[in-house]
Number of protein chains: 2
Amino acid sequence: MKLISGGVCAAQGFRASGIHCGIRKNHSKKDLALIVSDVPAAAAAVYTTNLVKGAPLTVTKNHLADGKAQAVICNSGNANTCNANGIEIAEAMCALVEQATGVPAADVVVASTGVIGQPLDITPIAAGMEPLTAGLSRDGSGSAARAIMTTDTVKKEIAVEFTLGGKVCRLGGIAKGSGMIHPNMATMLVFLTTDAAISAAMLHKALSSDIANTFHMLSVDGDTSTNDMVTVLANGLAGNPEITAAGPDFTAFMEALNTVTVQLCREIAGDGEGATKLLECVVTGADDPQTARVCAKSVICSSLVKAAMFGSDANWGRVLCAIGYSGADVDVHKIDVSFRSPKGEIPVCRDGAGIPFSEEKAKEILLEKQIEILVSLGEGACGATAWGCDLTYDYVKINGDYRT
Amino acid sequence: MKLISGGVCAAQGFRASGIHCGIRKNHSKKDLALIVSDVPAAAAAVYTTNLVKGAPLTVTKNHLADGKAQAVICNSGNANTCNANGIEIAEAMCALVEQATGVPAADVVVASTGVIGQPLDITPIAAGMEPLTAGLSRDGSGSAARAIMTTDTVKKEIAVEFTLGGKVCRLGGIAKGSGMIHPNMATMLVFLTTDAAISAAMLHKALSSDIANTFHMLSVDGDTSTNDMVTVLANGLAGNPEITAAGPDFTAFMEALNTVTVQLCREIAGDGEGATKLLECVVTGADDPQTARVCAKSVICSSLVKAAMFGSDANWGRVLCAIGYSGADVDVHKIDVSFRSPKGEIPVCRDGAGIPFSEEKAKEILLEKQIEILVSLGEGACGATAWGCDLTYDYVKINGDYRT
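Residues numbered from 1 in each chain as written. Chains lettered and ligands numbered in written order. Predicted model: local features only at pLDDT ≥ 70, side-chain atom pairs only at ≥ 80, totals over all residues. Heavy atoms only, no water.

S.K.: So, the packing of aromatic side chains: which residues are in play, and what are the values?
M.R.: What the rule picks out here adds up to five aromatic pairs over all chains. Taking the centre distance of 5.3 Å and the plane angle of 90° together, the rings of Phe-310 of chain A and Tyr-393 of chain A count as edge-to-face. In this pair, Phe-310 of chain A sits in helix H8 (residues 303–310) while Tyr-393 of chain A sits in helix H11 (residues 393–400), placing the two residues 83 residues apart along the sequence. In this structure Phe-310 of chain A comes out as partly exposed when scored by relative accessible area, which is 22%. By the ring-pair criterion, three or more aromatic residues cluster together here, those being Phe-310 and Tyr-393 of chain A together with Phe-310 and Tyr-393 of chain B. (Phe/Tyr/Trp six-rings, centres within 6.5 Å; stacked < 30°, edge-to-face > 60°. Helix = DSSP H or I, 4+ residues; strand = E, 2+ residues; numbered from the N terminus. Buried < 20%, exposed > 50% of the residue type's maximum accessible area, 1.4 Å probe, protein only.)

What follows is the structure, given as structure tokens:
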């Protein structure tokens, strides 16, 4: 497997486009994205667990009931959530895609991201369909990635190449997500495409099992959004024997998927609202994976841990505290904690109690942009990783006046 | 029932004191408090649910096993948690109280608050016992309240007078808590005293049932501390017939207790680390109290809601979002939301969807220091209130360099 360029268009037969149509006031910000496969594709998706769900999710869920899709339309600047006519607007967006591209509306994935509870005007979207469709290209991943951004500061795309049944396949994607990001849900908008041939059922199985260790282990601020989803389209153009059951090919596909999703998790966490640091909490020595996940997530979600990391403060007591209230059944007297970054690794807690360490060395390590919080539970052989970011002045600034 | 002065010494037979003994480096900050009852008192306590528990909690729990106590010693500046010799030090603090006051060590409640994982030196405490004991006075509530503060900016004390069996009784207390405060635990340090006569069993029952609607409904930052507890001492000096079962007297006692604890919740939330506003989320129309509690807590804990309130932004979509991911079983299409403050009340969401409202009026209401977020679930007759505060630059500043 190797990293390749092309993002969501790296796989054969996918084209993408992104434009500014006028939903966002700032003309320099793109706000409408389109991804189209040359042929119908197997499709799978996971959605937010929030009871308040954006209208686009309801429409997408209906459209994916048959495990098939061929296009994705997504706007930023308005979440189309808690609006009386939300379903109608989301369906209208799919109808516009059918008019413009010929892809049946029932095979369109629709998504929206932005402010909740403000009516979404279809007018600028309708007016934008012609340039949006005209812009569809094999080089369009970057434009589409930009068009789905809200408070993101960088676009997020990645792709890999791998082999199935002797055929070269590609899997890539784009993602957005910066605030309102939290585990226990589909977490943000992620659009993945692959030219591998895989049945809708196995595609769903692959996605569902992957997210437990990737997007569900990601938190920027503990708020589970109303609109987020992860979708994957597989159009089969690579020509490999279709994956219809578990086996070596499915395992290889899962590996490619995981490579892409882990990298997108890291990019989303590192670009968390106001973030200056990417935090990874790596828990080992757990009796079972769930215990490891619960501990890692609790650490990464702690406001106090996040603020300490912002201050490059080796305040390991807050790490122990977060594990202690996580609900995981652990023996706190067996926990070891270290901090690691490109500048080195420093143990700070052994068997649940502090050990002497150089504050200077710890500061040097924690001043880096990528910090690993290493936790050993001292029980078994299971582990988990969670991704997050520090809590900063800018997070408060961004969210104190986001809507106005 | 009426509010009276005197705080933790309002009840007959209680004296208190607070000094700077040298645990904290800043000489202007008191760091050691003592509360003594003239006679042994019935006692009850609730403790943090964090698996990482401060050593003082273990010692206090042992001492209260017989439902009896006569003194409280508490230091700030060091939590005496995750220290190898923590139990030994906490027991030494109780022994010092016995030496200085004659109250048996086994009848002493001990508490500590401050940094986790740094050894607590007994030397300054031992040296401070003489001035601490000499300072014990009926006017000592304020000094004791100051001596237990950490990042608190104001001392917290309150007392009420009420009547049981024809006898005038008093119940008062002091509290500290500003960061690492979250429901699902005893939440912070609260020391309550009363001269009402009540059995230890009924005292425990009163406290346990009260905190479900008070301290468990309080959150500053979602981090459940390792050291927090609420204790109440009842020395019976008011001379009322001892409360040993449910009935009108127990109800009257519960009302007095609730008046004191609600006010302390409001004071703690309003003095949350970096807070500029007290937030109260009042949920009504729930089918059962637990649903109301879960929704109210979720709203008050949402970083995005908290940041919006800091920015005086009527971003009600975040309120709905927080209810949606709370885990409560609600119909989001029945939810109404309003914001209220001394400047008025403004409905912003009806039946789960936005309604037109004056942004100017909303801003005027939200610029106040005390904001109520009113949520009606439109189902039943149950309700709950949760208390919190806004998320500000200063929260990040305080916690980014708390330890160093």
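S.K.: Tell me about the side chain of Asp-336 of chain B, and name the residues and values.
M.R.: In this structure, Asp-336 of chain B sits in strand E11 (residues 336–341). Residues in contact with Asp-336 of chain B, not counting those within four places in the same chain, are Cys-349, Arg-350, Asp-351, Leu-374, Val-375 and Ser-376 of chain B. (Contact = heavy atoms within 4.5 Å.)

S.K.: So, the state of the cysteines: which residues are in play, and what are the values?
M.R.: All names here are of chain B. Scanning all chains against the criterion turns up zero disulfides over all chains. Summary of cysteine pairing: Cys-9 is not part of a disulfide, and the nearest cysteine sulfur, belonging to Cys-74, is at 14 Å. Residue class for Cys-9 comes out buried when judged on its relative accessible area of 2%. No disulfide involves Cys-265; its sulfur sits 13 Å from that of Cys-389, the nearest cysteine. Note on Cys-265: relative accessible area 0%, which makes it buried. (Disulfide = S-S within 2.5 Å.)

S.K.: Outline the sheet that holds strand E10 (residues 278–286) of chain A, supporting the account with residue identities and numerical values.
M.R.: Residues and elements named next belong to chain A. Taken together, six strands build an open sheet; the order of strands is E13-E12-E11-E14-E10-E15 and the sheet is mixed. A strand with exactly one partner marks an edge of an open sheet, and here the two such strands are strand E13 (353–354) and strand E15 (382–389). Of the pairings in the sheet, the one linking strand E12 (residues 344–350) to E13 comprises two bridges and is antiparallel in character. Directly across from Arg-350, in E13, lies its bridge partner Ala-353. Contacts between H8 and the sheet are confined to E10, strand E11 (336–341), strand E14 (370–376) and E15, with E14 contributing the most and set at about 135° to the helix. Sheet strands touched by helix H10 (residues 359–366): E11, E12 and E14. Its angle to E12, the strand with the most contacts, is close to 125°. (Pairing = 2+ DSSP bridges. Axes fitted to C-alpha atoms, helices over the stretch in contact; angles between N-to-C directions.)

S.K.: Before we move on, could you go through the packing of helix H5 (residues 200–211) of chain B against helix H6 (residues 248–270) of chain B and cite the residues and values that matter?
M.R.: Residues and elements named next belong to chain B. For the pair H5 and H6, the least separation of the axes is 10 Å and the interaxial angle reads 45°. Overall, the two elements H5 and H6 adopt an arrangement that is oblique. When you trace H5 past H6, the crossing you get is right-handed. Contacts from Met-202, Leu-203, Lys-205, Ala-206, Leu-207, Ser-209 and Asp-210 of H5 reach H6 at Phe-250, Phe-253, Met-254, Leu-257, Asn-258 and Thr-261. Broken down by class, the residue content of the contact of H5 with H6 amounts to eight nonpolar, three polar and two charged. (Parallel < 35°, antiparallel > 145°, perpendicular 65-115°, else oblique. Left-handed = near helix turned anticlockwise from the far one by under 90°. Nonpolar A, V, L, I, M, F, W, Y, C, P; charged D, E, K, R; others polar.)

S.K.: Quick one: what's the story with unusual backbone geometry, residue by residue and with numbers?
M.R.: Despite not being glycine, Asp-351 of chain A shows a phi value in the positive range, around 50°. Considering the arrangement of structural elements, one finds Asp-351 of chain A in the loop between E12 and E13. Of the residues examined, Asp-351 of chain A reaches a relative accessible area of 46% and is grouped as partly exposed. For Asn-80 of chain B, which is not glycine, the phi dihedral falls at a positive 45°.

S.K.: Hey, could you go over the pattern of salt bridges for me, with residue numbers and the actual values?
M.R.: Two side chains with opposite charge may pair up if their charged atoms get near one another. All names here are of chain B. Tallying each qualifying case throughout the model produces 26 salt bridges over all chains. Measuring nitrogen to oxygen at the nearest pair gives 2.6 Å for the salt bridge that ties Lys-156 to Asp-152. Neither Lys-156 nor Asp-152 differs from the other in exposure class; each is buried. Ionic pairing is found between Glu-379 and Lys-334, a salt bridge with its closest N-O pair at 3.5 Å. (Salt bridge = Lys/Arg side-chain N within 4 Å of Asp/Glu carboxyl O.)

S.K.: Outline the relation of the copies chain A and chain B, listing residues and values.
M.R.: Superposition of chain A onto chain B requires a rotation of 180° combined with a translation of 0.0 Å along the rotation axis, giving an RMSD of 0.0 Å. With respect to symmetry, the two chain copies, as superposed, fit the operation of a two-fold axis. When C-alpha positions in chain A are compared against the rotation axis, the closest is assigned to Tyr-393 of chain A, at 2.5 Å. Interface residue correspondence from chain A to chain B reaches 98%, placing this contact among same-surface, isologous pairings. (Least-squares fit on C-alpha atoms with pLDDT ≥ 70 in both.)

S.K.: How would you sum up the interface of chain A and chain B? Please name residues and give values.
M.R.: Across the contact, 52 residues belong to chain A and 51 residues belong to chain B. Where chain A meets chain B, there are zero salt bridges. At the junction of chain A with chain B, the criterion picks out two residue pairs in polar contact (both at pLDDT 80 or more). Counting only elements with at least two residues in the side of chain A that touches chain B, the list comes to H8, helix H9 (316–324), E13 and H11 of chain A. Split into classes, the residues belonging to the side of chain A that touches chain B amount to 25 nonpolar, 19 polar and eight charged. (Polar contact = N/O pair within 3.5 Å; in protein donor to acceptor, adjacent residues only side chain to side chain.)

S.K.: Tell me about the confidence of the model for chain A, and name the residues and values.
M.R.: Residues and elements named next belong to chain A. Taken residue by residue, chain A gives an average pLDDT of 91. The fraction at 70 or more is 95%. Long-range and interchain partners of residues 183–187, a stretch whose pLDDT sits below 50, account for 33 contacts in this model, where long-range means more than four residues apart. The complex prediction reports pTM at 0.78, with the ipTM value standing at 0.72. (pLDDT = per-residue confidence, 0-100.)

S.K.: So what's going on with the environment of Lys-156 of chain B? Which residues, and what values?
M.R.: Residue and element names in this part refer to chain B. Position of Lys-156 relative to the elements: it lies in strand E6 (residues 156–164). Taking relative accessible area as the criterion, Lys-156 reaches 0% and is therefore assigned buried. Placed 80 residues apart in sequence, Lys-156 and Ser-76 show a C-alpha to C-alpha distance of 15 Å. Setting aside chain neighbours within four positions, we find Lys-156 in contact with Ala-145, Gly-173, Ile-174, Ala-175, Gly-177, Leu-264, Glu-267, Ile-268 and Asp-271. At 2.9 Å, the side chain of Lys-156 forms a polar contact with the backbone oxygen of Val-154. A polar atom in the side chain of Lys-156 sits 2.7 Å from the side chain of Asp-271.

S.K.: Tell me about the side chain of Ser-37 of chain B, and name the residues and values.
M.R.: Here Ser-37 of chain B lies in strand E3 (residues 32–47). Beyond its immediate stretch of four places on either side in the chain, Ser-37 of chain B contacts Gly-13, Phe-14, Gln-70 and Asn-235 of chain B.

S.K.: So what's going on with the environment of Leu-320 of chain A? Which residues, and what values?
M.R.: Examined against the element boundaries, Leu-320 of chain A turns out to sit in helix H9. By relative accessible area, which is 0% here, Leu-320 of chain A ends up buried. On a C-alpha basis, the gap between Leu-320 of chain A and Pro-119 of chain A in space is 45 Å, while along the polypeptide they are 201 residues apart. Beyond its immediate stretch of four places on either side in the chain, Leu-320 of chain A contacts Ile-335, Val-337, Cys-349 and Gly-352 of chain A together with Val-52 and Cys-82 of chain B.

S.K.: Can you tell me about the sheet that holds strand E12 (residues 344–350) of chain B, naming the residues and giving the values?
M.R.: Residues and elements named next belong to chain B. Across the sheet, which stays open at both edges, the six strands sit in the order E13-E12-E11-E14-E10-E15 with mixed pairing between neighbours. Two strands lie at the open edges of the sheet, namely strand E13 (353–354) and strand E15 (382–389), each paired on one side alone. Where strand E10 (residues 278–286) lies against strand E14 (residues 370–376), seven bridges are found, and the strand directions are parallel. Across the sheet, the residue bridging to Val-283 is Val-375, located in E14. Those strands touched by helix H8 (residues 303–310) are E10, E11, E14 and E15, and its axis lies near 135° from that of E14. Here helix H9 (residues 316–324) sits on the sheet in contact with E11, E12, E13 and E14, set at roughly 125° to E11.

S.K.: Please give an account of the pairing of strand E8 (residues 189–194) of chain A that cites residues and values.
M.R.: Residue and element names in this part refer to chain A. Of all six residues in E8, six are buried; the element is thus mostly enclosed. Alternating residues of E8 divide into Leu-189, Phe-191 and Thr-193 and Val-190, Leu-192 and Thr-194, and every residue in both groups is buried. Strand direction decides the pairing type here: strand E7 (residues 167–176) and E8, joined by six bridges, are antiparallel. From the neighbouring strand, Ala-175 faces E8, where its bridge partner is Val-190. Pairing between E8 and strand E9 (residues 229–234): six bridges, direction parallel. Bridge pairing in E9 places Thr-194 opposite Ala-234.

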